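# Structural features, examined
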Amino acid sequence: MKKSVLFLLSFVLPTLTLAQTVTVSGTVEDTKRKMPLAFVTVTVLLPTDSSFVTGAITNEAGLFTLAGIKSGNYLLKLSYVGYETRIQSMRVGQLSSFLNLGVIDLTESAAQLGEVTVTGQQQGIANALDKKTFTLADNISQTGGSALEAMKNLPGITVDNGGQVLLRGNDRVAVLIDGRQTALTGFGNQEGLDNIPASAIDRIEIINNPSAKYDANGNAGIINIIYKKNKQEGFNGKIGLTTGLGALWVKQANFPGIRPQYRATPKINPSISLNYRKNKVNLFFQGDNLYTQTLNKNEFADRYYDTGQVVRQQLKRNRNTNIITGKAGLDWFIDPNNTLTVSGLFSSEKIIDRGDQPFLNANLTERQRLWQFLEDELKTTVTATAAWQHKFKQPGRVFNLGFNYTFHREDEKYFFTNILPTSTGMDSFKLLSDEHVGDLTADYVQPLRAGRVEVGAKLRRRIIPTNMQFFPGLNSPIDANAGGEATYSEVIPALYANYVYESQHWEAEAGLRYEYVNLNYDVNPNHPVYKSDGYAYSQPFPNLRFTYKINDRNRLSVFYTRRVDRPNEVDIRIFPKYDDAEIIKVGNPALQPQFTSSVELGYKTNWAGGSFYAALYHKEMQATITRIGSIVPGVATPGSTLIYNIFQNAGDSRNTGFEVVVSHQPAPWVTLNVNLNGYRNTIDAFSVVNLYPIRNTFTAARDQLLSGNAKFNGLFRLPKQLEAQLTVLYLAPDLVPQGRIGTRFSIDAGLKKTVQQGKAEWFLNATDLANTLNIRREVQGAGFRYVSTDYYETQVVRVGYSRKL
């Protein structure tokens, strides 16, 4: 009975990556002659009983290397024939993977030398509190889906129905792939996380307070997606196949007179990972094909206008998606000190949307309009990377030089049928956008006696020519004059330095990144409203972290960071977009960057069977980027219900909250985790001037709301190599631009069975078991308000098999 209750009340957080070992190095010299001493015996002993831990012998240059040392206090013993044996204390921490003891003197006299304290620590959730690392191997309830779906279970992360990831309620997240920005996930704010199969991912890192070595954009933090890659000798790999069904029953039936919504939507994801290493060459390949049919949107909205008019509508979108992703490359280990890595990534995402949008009167007795559409979109991404790493003789002293080129094409075609009571019009438009990005980076790491120094530089050149053409039909709402060409271009050189220090009771990290940004947006001179614009700035972005280690189990950290959110290209794109027939989205080339200062206080303690982590945080945002919706009188025909959504820099805003993560293993067969996140979002009163479609002013009062989320996870290791997972998610009401989003709740579950002597696995999982995850919004705009509920597809059942080769 107790086991059954635990099973029903708990669920699991993905596996935490624990802190690893440290490599310690140094050089031994003769005190008087200052000459290196070869063949000196260097041993590490436990201070309690002088038992042997590890040892080494210096080479001809007097250099020794001690690998695989865990965090703790030790004695370092150096002995050599004809010289006085030297014993000194040595502390190994967890902030650096490599530590340099510097030069250690041995003398022929009997004089004893003073002690030297050495510290070091590898970054991770258990120690520095600035990064959390999660593997996806135990994320059973989301296996077989996309990266976006896999992230729903991670602490501090939520996902909205627009496919945006939020860290602590904030969507200004920078997403990296293998530590680099790519067009696949966005060079500014995030995008496209649903086009990365989870089967391609090894682990995910969450960095709430990034250091200066990372790009300054993304005030909420960084999510780093690490692709699978093996370096074992010989041939090895893994193959897998996942299939499933979604939309198993109808949440909300259609309004009459439109095409059926998708039911029993199929999903299929074959994947393969291959690796071959022989001598100095390591070849690797990761390939996936993710095909899905999805009821992508099924939103019912009631719009109320200040004129007294009421419009009731449904927006239903059936989506077919096929994503082919491949990553391949080679590591060439030229010699023990030099490695060259060349890799390429290809992604092709084909999206076909077929949608219906009926508009009816208040009592649903008269259809005023039916908008049917077909969207044919192809996104192609190609990334090429070359990286050279030079390891100096001193372990941990490394120089990296890399170049990354990305090409990303958006080829979109939209076809609309505009059915009115007295006419039918055929509208269409075509968008072609080619993005070219080149990044040149150089990074150097120098281990120190008590930490390390990191310095580096980066140069980015980015250009995005875009062309949109409109083809209006009869009684079209399309602004055909707003098409044409526009070119986005930016140059960003940056320098950074970061210093890490650790003593027995204190840790410190201080960094500074200095960026210059020059952005230009050249607009078609014939555009009826917008003109060419841009901005330039030179700004410092500091980061600070101080940690007090109360004892081996308790530590307290304070963080400060300053970051920026530059507008995405789509945020300033001048072309109106007709995702909704009567809600028109338009960019703003006058949009300016949003700067954010953040402070955080974190505490962590651990015990034999678990750990407790808590953080208090506060963010101050200037010139907050948001989307403003309003009705513009005098633009369309009398009684028009068109709403224009335009990006603007609103007033200052703040985000204050707390996060708690508790992990406990009450028994060897069960691990329980709880994640709580509460915050208050505040946006000050503001007034802005919109230029499109004609000049108009929008004013908003101060808005504030308390929100948060809770996640409960449990992993159960059952007999016969069977594992079970249960995940429960609760999201409280939250602020959205000009409104609020309602409560959301879901339950996910999964089973995994290991077979064939541990070489293969079967799994079965289901998301949103009770089919309760709906999105309810209330929005108050200029001249209107609307209430909507989106009954989109959230329930999916999957089954899959994978096997090691």
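All figures in this text were calculated on a predicted structure; none of them were measured in a lab. (Residues numbered from 1 in each chain as written. Predicted model: local features only at pLDDT ≥ 70, side-chain atom pairs only at ≥ 80, totals over all residues. Heavy atoms only, no water.)

## Remarks on the overall build of the protein
In terms of regular secondary structure, the protein is built from three helices and 45 strands. A globule of 805 residues ought to have a C-alpha radius of gyration of about 28 Å, and the protein, at 29 Å, matches this closely. The C-alpha extent of the protein, read off along each of the three principal axes, is 105 × 65 × 50 Å. Within the protein, the proportion of its 805 residues that are buried is 57%. As displayed, the protein has an accessible area near 32700 Å², and 59% of this comes from carbon and sulfur atoms. In the protein, which carries 85 positive and 72 negative side-chain charges, the distance between the mean positions of the two groups comes to 5 Å. (Helix = DSSP H or I, 4+ residues; strand = E, 2+ residues; numbered from the N terminus. Rg over C-alpha atoms; globule rule 2.2 N^0.38 Å. Buried < 20%, exposed > 50% of the residue type's maximum accessible area, 1.4 Å probe, protein only. Areas by Shrake-Rupley, 256 points an atom, 1.4 Å probe, with all protein chains shown as cover. Lys, Arg positive; Asp, Glu negative; His and termini not counted. Charge placed at Lys NZ, Arg CZ, Asp CG, Glu CD.)

## Digging into the sheet that holds strand β6 (residues 86-92)
Taking strand neighbours across the sheet as the criterion, the four strands line up as β3-β2-β5-β6 in an open arrangement whose pairing is antiparallel. The outermost strands of the open sheet, each flanked by one partner alone, are β3 (52-57) and β6. With direction set aside, neighbouring strand axes in the sheet form an average angle of 25 degrees. Of the pairings in the sheet, the one linking strand β2 (residues 41-45) to β3 comprises five bridges and is antiparallel in character. By the bridge assignment for β3, valine 44 is matched with threonine 54. (Pairing = 2+ DSSP bridges. Axes fitted to C-alpha atoms, helices over the stretch in contact; angles between N-to-C directions.)

## Section: the packing of aromatic side chains
All told, the structure shown has 23 aromatic pairs when counted by the stated rule. When the centroid spacing of 5.4 Å and the interplanar angle of 55 degrees are considered together, the rings of phenylalanine 429 and phenylalanine 470 count as tilted. A residue pair is termed long-range when its members are at least 10 positions apart, and phenylalanine 429 in strand β21 (residues 424-448) and phenylalanine 470 in strand β22 (residues 451-471) qualify at 41 residues. Since its relative accessible area comes to 2%, phenylalanine 429 is described here as buried. Using a relative accessible area of 9% as the deciding quantity, one classes phenylalanine 470 as buried. With a centroid separation of 6.1 Å and 40 degrees between ring planes, the pair formed by phenylalanine 686 and phenylalanine 698 is classed as tilted. Linking phenylalanine 686 in strand β35 (residues 686-690) with phenylalanine 698 in strand β36 (residues 696-700), this pair joins segments that are twelve residues apart in sequence. Looking at phenylalanine 686, the relative accessible area reads 13%, which means it is buried. Grouped by ring-pair contacts, the aromatic residues Trp371, Tyr414, Phe416, Phe429, Phe470 and Tyr578 constitute a single cluster. The ring of tyrosine 792 has lysine 251 sitting right over it, with the charged end atom 5.8 Å from the ring centre. Lying across the ring of tyrosine 304, arginine 785 places its NZ or CZ 4.4 Å from the centre. (Phe/Tyr/Trp six-rings, centres within 6.5 Å; stacked < 30°, edge-to-face > 60°. Lys NZ or Arg CZ within 6 Å of the ring centre and 35° of its normal.)

## What about the pairing of strand β31 (residues 625-630)?
With five of six residues buried, β31 lies mostly within the body of the structure. Taken together, the six bridges between β31 and strand β32 (residues 643-649) define a ladder with antiparallel strand orientation. From the neighbouring strand, isoleucine 625 faces β32, where its bridge partner is asparagine 649.

## Some thoughts on the sheet that holds strand β8 (residues 131-135)
Neighbouring strands of a sheet are bound in pairs by backbone hydrogen bonds; such pairs are parallel or else antiparallel. Pairing is mixed across the open sheet formed by four strands, whose spatial order is β8-β12-β13-β11. In the strand order of this sheet, the two ends are held by β8 and β11 (173-177), each with one partner. Strand-to-strand, the axes of this sheet are offset by a mean angle of 15 degrees, without reference to chain direction. The pairing of β11 with strand β13 (residues 221-227) spans five bridges and is classified as parallel. Across the sheet, residue leucine 176 finds its bridge partner in β13, namely asparagine 224.

## Overview of the nonpolar core
Generally speaking, a soluble globular protein has its nonpolar side chains buried in company with each other. Membership of the largest hydrophobic core comes to 50 residues, with the highest contact counts inside it found for Phe416, Phe429 and Tyr692. With sequence-adjacent residues up to four places away left out, phenylalanine 429 is seen in contact with Glu412, Lys413, Tyr414, Phe416, Met468, Gln469, Phe470, Phe471, Ile478 and Tyr578. Membership of the second largest hydrophobic core comes to 26 residues, among which are Leu154, Ile157, Ala200 and Ile206. (Core = buried A, V, L, I, M, F, W, Y, C linked by side-chain atoms within 4.5 Å. Contact = heavy atoms within 4.5 Å.)

## Here's the deal with unusual backbone geometry
Residue proline 693 is bonded to the preceding tyrosine 692 through a cis peptide linkage, with omega at -5 degrees. Along the chain, proline 693 turns up in the loop between β35 and β36. In this structure, glutamine 756 is a non-glycine residue whose phi angle is positive, near 55 degrees. Tracing the backbone through its elements, the reader meets glutamine 756 in the loop between β41 (744-755) and β42 (760-767).

## Considerations on the pattern of salt bridges
Taken as a whole and judged by the stated rule, the model has 42 salt bridges. Of the charged contacts, one joins glutamate 569 and arginine 573 as a salt bridge, the two residues approaching to 2.6 Å between their closest N and O atoms. Comparing glutamate 569 with arginine 573 shows no difference in burial state: the two are buried. Measuring nitrogen to oxygen at the nearest pair gives 3.2 Å for the salt bridge that ties arginine 740 to aspartate 703. Here arginine 740, found in strand β40 (residues 739-741), pairs with aspartate 703, found in strand β37 (residues 703-718); they are 37 residues apart in sequence, far enough to count as distant. Arginine 740 sits in the partly exposed class, given a relative accessible area of 33%. The exposure class of aspartate 703 is partly exposed, given its relative accessible area of 22%. (Salt bridge = Lys/Arg side-chain N within 4 Å of Asp/Glu carboxyl O.)

## Quick word on the environment of glutamate 366
As for its position among the elements, glutamate 366 is in the loop between β18 (338-360) and β19 (367-391). As a C-alpha pair, glutamate 366 and tyrosine 617 span 251 residues in sequence and 51 Å in three-dimensional space. Discounting residues that sit within four places of it in the chain, glutamate 366 has contacts with Phe359, Leu360 and Asn361.

## Re the side chain of threonine 794
Its location among the elements puts threonine 794 in the loop between β44 (784-790) and β45 (796-804). A distance of 2.9 Å separates a polar atom in the side chain of threonine 794 from a polar atom in the side chain of lysine 251. Residues in contact with threonine 794, not counting those within four places in the same chain, are Lys251, Thr767, Asp768, Asn771 and Leu773. (Polar contact = N/O pair within 3.5 Å; in protein donor to acceptor, adjacent residues only side chain to side chain.)

## Brief notes about the side chain of glutamate 659
Position of glutamate 659 among the secondary structure elements: in strand β33 (residues 653-667). Judged by its relative accessible area of 1%, glutamate 659 is buried. A distance of 2.8 Å separates the side chain of glutamate 659 from the side chain of arginine 168, its partner in a polar contact. Aside from chain neighbours lying at most four places away, what touches glutamate 659 is Lys132, Pro155, Gly156, Arg168, Asn208, Tyr613, Ala614, Ala615, Tyr617, Asn675, Leu676 and Asn677.

## Re the environment of valine 689
As for its placement among the helices and strands, valine 689 is situated in strand β35. If we skip the residues at most four places from it in the chain, valine 689 touches Gln648, Arg695, Asn696 and Thr697.

## Topic: the pairing of β32
Of all seven residues making up β32, seven are buried, and the element is well covered by its neighbours. Both faces of β32 are covered, namely the face carrying Ile643, Asn645, Phe647 and Asn649 and the face carrying Tyr644, Ile646 and Gln648. Relative to β32, strand β28 (residues 583-586) runs parallel, the two being bridged by four bridges. Among the inter-strand pairings, isoleucine 584 is bridged to a residue of β32, identified as tyrosine 644.

## Topic: the environment of aspartate 734
The residue aspartate 734 is located in strand β39 (residues 734-736) in this model. Beyond its immediate sequence surroundings of up to four residues, aspartate 734 is in contact with Tyr679, Asn681, Leu705, Ser707, Gly739, Arg740, Ile741 and Arg744. At a separation of 2.6 Å, a polar atom in the side chain of aspartate 734 contacts the side chain of tyrosine 679.

## Points about a nonpolar patch on the surface
Taken together, Trp506, Leu544, Phe546, Tyr548, Ile550, Leu556, Val558, Leu601, Leu616, Phe658, Leu676 and Phe712 make up a surface patch of nonpolar side chains, about 1000 Å² in accessible area. Elements with a contribution of two residues or more to the nonpolar patch: β25 (533-549) and β26 (554-565). For the nonpolar patch, the leading source of residues is β25, giving three residues. Along the chain, leucine 601 falls in strand β29 (residues 594-607). On the accessibility criterion, leucine 601 (36% relative accessible area) is partly exposed. (Patch = residues over 30% accessible without salt bridge, like charges linked within 9 Å, V, L, I, M, F, W, Y side chains within 5 Å.)

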